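Structure at a glance
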Amino acid sequence: MNKHLISAADLSKDDALLILDTAEELAAVSERSIKKLPTLRGRTVVNLFFEDSTRTRISFEAAAKRLSADVINFSAKGSSVSKGESLKDTALTLEAMGADAVVIRHGASGAPHRLANWVRGSVVNAGDGTHEHPTQALLDAFSMRRRLGSLEGRKITIVGDVLHSRVARSNVLLLATLGADVTLVAPPTLLPVSVGTWPCEVSYDLDAVLPKSDVVMMLRVQKERMNAAYFPSEREYSRRYGLDRDRFAKMPDDAIVMHPGPMNRGMEIAADVADSPRSTIVEQVANGVTTRMAVLYLLLGGESAQ
Amino acid sequence: MSESRAVLEGPDIHRALTRIAHEILERTKGADGVVLLGIPTRGVTLARRLGERIEQFEGVKIPVGSIDITMYRDDLRLKPARPLGHTELPPDGVDGRTVVLVDDVLYSGRTVRAALDALNDLGRPTAVQLATLVDRGHRELPIRADYVGKNLPTAKSEKVKVFLDEIDGRDAVELIK
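Residues numbered from 1 in each chain as written. Chains lettered and ligands numbered in written order. Predicted model: local features only at pLDDT ≥ 70, side-chain atom pairs only at ≥ 80, totals over all residues. Heavy atoms only, no water.

Let us now look at the overall build of chain B. Helices and strands together make up the secondary structure of chain B, namely 4 helices and 8 strands. Radius of gyration (C-alpha) of chain B: 16 Å, near the 16 Å computed for a compact globule of 177 residues. Its C-alpha atoms give chain B principal-axis dimensions of about 50 × 40 × 30 Å. Going through the 177 residues of chain B one by one, you find that 52% of them count as buried. Taking the contacts inside chain B whose residues are at least 6 apart along the sequence as the reference set, 69% of them involve residues at least 24 apart. Entry remark: accessible area of chain B is about 8,800 Å², with carbon and sulfur atoms responsible for 47%. Taken as two groups, the 27 positive and 28 negative side-chain charges of chain B have centres that lie 5 Å from each other. (Helix = DSSP H or I, 4+ residues; strand = E, 2+ residues; numbered from the N terminus. Rg over C-alpha atoms; globule rule 2.2 N^0.38 Å. Buried < 20%, exposed > 50% of the residue type's maximum accessible area, 1.4 Å probe, protein only. Contact = heavy atoms within 4.5 Å. Areas by Shrake-Rupley, 256 points an atom, 1.4 Å probe, with all protein chains shown as cover. Lys, Arg positive; Asp, Glu negative; His and termini not counted. Charge placed at Lys NZ, Arg CZ, Asp CG, Glu CD.)

Bringing the interface of chain B and chain A into the picture now. Counting from both sides, the interface comprises 18 residues of chain B and, opposite them, 18 residues of chain A. Together, the buried faces of chain B and chain A total about 1,500 Å²; carbon and sulfur atoms form 56% of this surface. Run the count over chain B and chain A and you get 1 salt bridge. A salt bridge links D121 of chain B to R32 of chain A; the nearest nitrogen and oxygen atoms lie 3.8 Å apart. Between the two partners, chain B and chain A, sit 6 residue pairs in polar contact (both at pLDDT 80 or more). (Buried area = accessible area lost by both parts, 1.4 Å probe. Salt bridge = Lys/Arg side-chain N within 4 Å of Asp/Glu carboxyl O. Polar contact = N/O pair within 3.5 Å; in protein donor to acceptor, adjacent residues only side chain to side chain.)

Here we come to the packing of aromatic side chains. All names here are of chain A. Within this structure, the stated rule accounts for 2 aromatic pairs over all chains. Judged by centre distance (4.8 Å) and plane angle (35°), the ring pair of F231 and Y237 falls under tilted. Judged by relative accessible area, Y237 falls into the buried class, the value being 2%. Aromatic pair Y237 and Y241: ring centres 5.7 Å apart, planes at 35°, arrangement tilted. On the criterion of helical spacing, the pair formed by Y237 and Y241 is a turn pair, its members being 4 residues apart in helix α8 (residues 234-241). In terms of burial, Y237 and Y241 fall into one category: buried. Through a chain of ring-to-ring contacts, three or more aromatic side chains come together here, namely F231, Y237 and Y241. (Phe/Tyr/Trp six-rings, centres within 6.5 Å; stacked < 30°, edge-to-face > 60°.)

Okay, the UniProt feature "binding site: carbamoyl phosphate" (unreviewed entry) in chain A next. Residues and elements named next belong to chain A. Following the UniProt record, one finds the feature "binding site: carbamoyl phosphate" (unreviewed entry) at R55, T56, R105, H133, Q136, G261 and P262. On the secondary structure map, G261 appears in the loop between β9 (256-258) and α10 (271-274). Note that P262 resides in the loop between β9 and α10. Here P262 falls in the partly exposed class, since its relative accessible area comes to 42%. For P262, the contacting residues outside a window of four places in its chain are R55, R220 and E268. (UniProt positions renumbered as here; feature names shortened; annotations may be inferred.)

Residues and elements named next belong to chain A. The domains assigned to chain A are domain 1 (8-133 + 285-300) and domain 2 (134-281). On a C-alpha basis, the centres of domain 1 and domain 2 stand 25 Å from each other. On the domain 2 side, the residues contacting the 34 residues of domain 1 number 28 residues. A buried area of about 2,700 Å², summed over both sides, lies between domain 1 and domain 2, and 58% of it is on carbon and sulfur atoms. (Domains from an automatic or database assignment.)

For the rest of this paragraph, the subject is the UniProt feature "short sequence motif: PRPP-binding" (unreviewed entry) in chain B. UniProt's entry tags residues 99-111 of chain B with the feature "short sequence motif: PRPP-binding" (unreviewed entry), counted in the numbering of this structure. Secondary structure content for residues 99-111 of chain B is 15% helix and 62% strand, while the C-alpha to C-alpha distance between its ends is 16 Å.

Right, let's get into the environment of T183 of chain A. Its place among the elements puts T183 of chain A in strand β6 (residues 181-185). For T183 of chain A and V209 of chain A, which are 26 residues apart along the polypeptide, the C-alpha to C-alpha distance reads 8.2 Å.

Let's shift gears to the environment of V29 of chain A. Residue and element names in this part refer to chain A. Turning to its location among the elements, V29 is positioned in the loop between α1 (13-26) and β1 (44-49). Between the C-alpha atom of V29 and that of T290, which follows or precedes it by 261 residues, the distance is 8.5 Å. What V29 contacts, discounting residues up to four positions off in sequence, is I34, K35, K36, L37 and M293.

Laid out in structure tokens, this is it:
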């Protein structure tokens, strides 16, 4: 394992499987009455969030606390950042406080990479701009593995706003490492130019791909990043790329539906599809804590890597 | 050059486990309310074997599980993060039971200390006992075993390695100088 977790591409197949296997063992901790392990006692984890996030921050906080680490939450609103402090100065402040790990969410792609050069502790990328969100990919892979077993040769379809999605990029990289076959489905305007270099297939026709998918992952239409006309209307997007009941019926009987949340019900996913027993959306939240515990344990649990 | 010498062979291990199984039955008055918890990896195999023997002798099936102690170790920071073992409690848990921890080698006692901490987070047993195939001495904590397969005087520089058929394809205990 590397010292930092910045990109899903940093993980070898062995690393990824080690994280997933560790998460598998840690899942039992969430089910017992004392949901705490003493492993990271005396270690400090800083949650450095420059962008709004509820579930990811809470998930990292719960994960660190279940491992007995001290957690310091730092959000850009109402902090020295709103007074104009630079990322580097913020990093040096955290360094002086003795942070063993910094979990960073930032609007700029590449911010965690810069941060890693400035702090001595481990840096965990919790989402940087439209670049990557590796722990989301890990928790998605973990959720798939729990439902389907090994991911080797599985057909995974990721649908929606790939252009703005750090979740999609991290998932494609990680799932390819784990031996799955990934197909991206999106309107051409919502695919990045470089998609041809990604280890996956691309399709514009959801109905053709659905019947041979083991997993269908719907991405959120990120209205806050929609500053140009990427598609004619929400209604048209929903009709061509939304997962409604009819499309759901075309999927194989044991295929599962995923969504990283938060969902736009009725837009990219119909409410009764999201609530069906074959949807893992609620499980994904619980699995997020478990997977992040595994990441924090593997980065911080042993001797400090230099 | 390291040389290894077998101190217990297959039949010796067999006899030691048979005796421990009888001792557990005797001490716990028929193994009523007993749960065997093995410490991975080889402790789990030994716990299973003990469970089978007790069932054979008394016709009672006693719950067997495993308890991983990695997250409770006191030397985690001396090595890179280790992969975790498997913890599996019997369906009825350990509350109100007599737990017999099973390990292959008892040495510093630190593993058992960690197991007691782990057990504390999993429930509240009535009593906790310890069974070990080999006690090689050199305790660093006030811990002793209730059931011992063989007391083996060793030097600190020596290593004791246990081989079990289910994992290693043969039964033996070797002393490596």
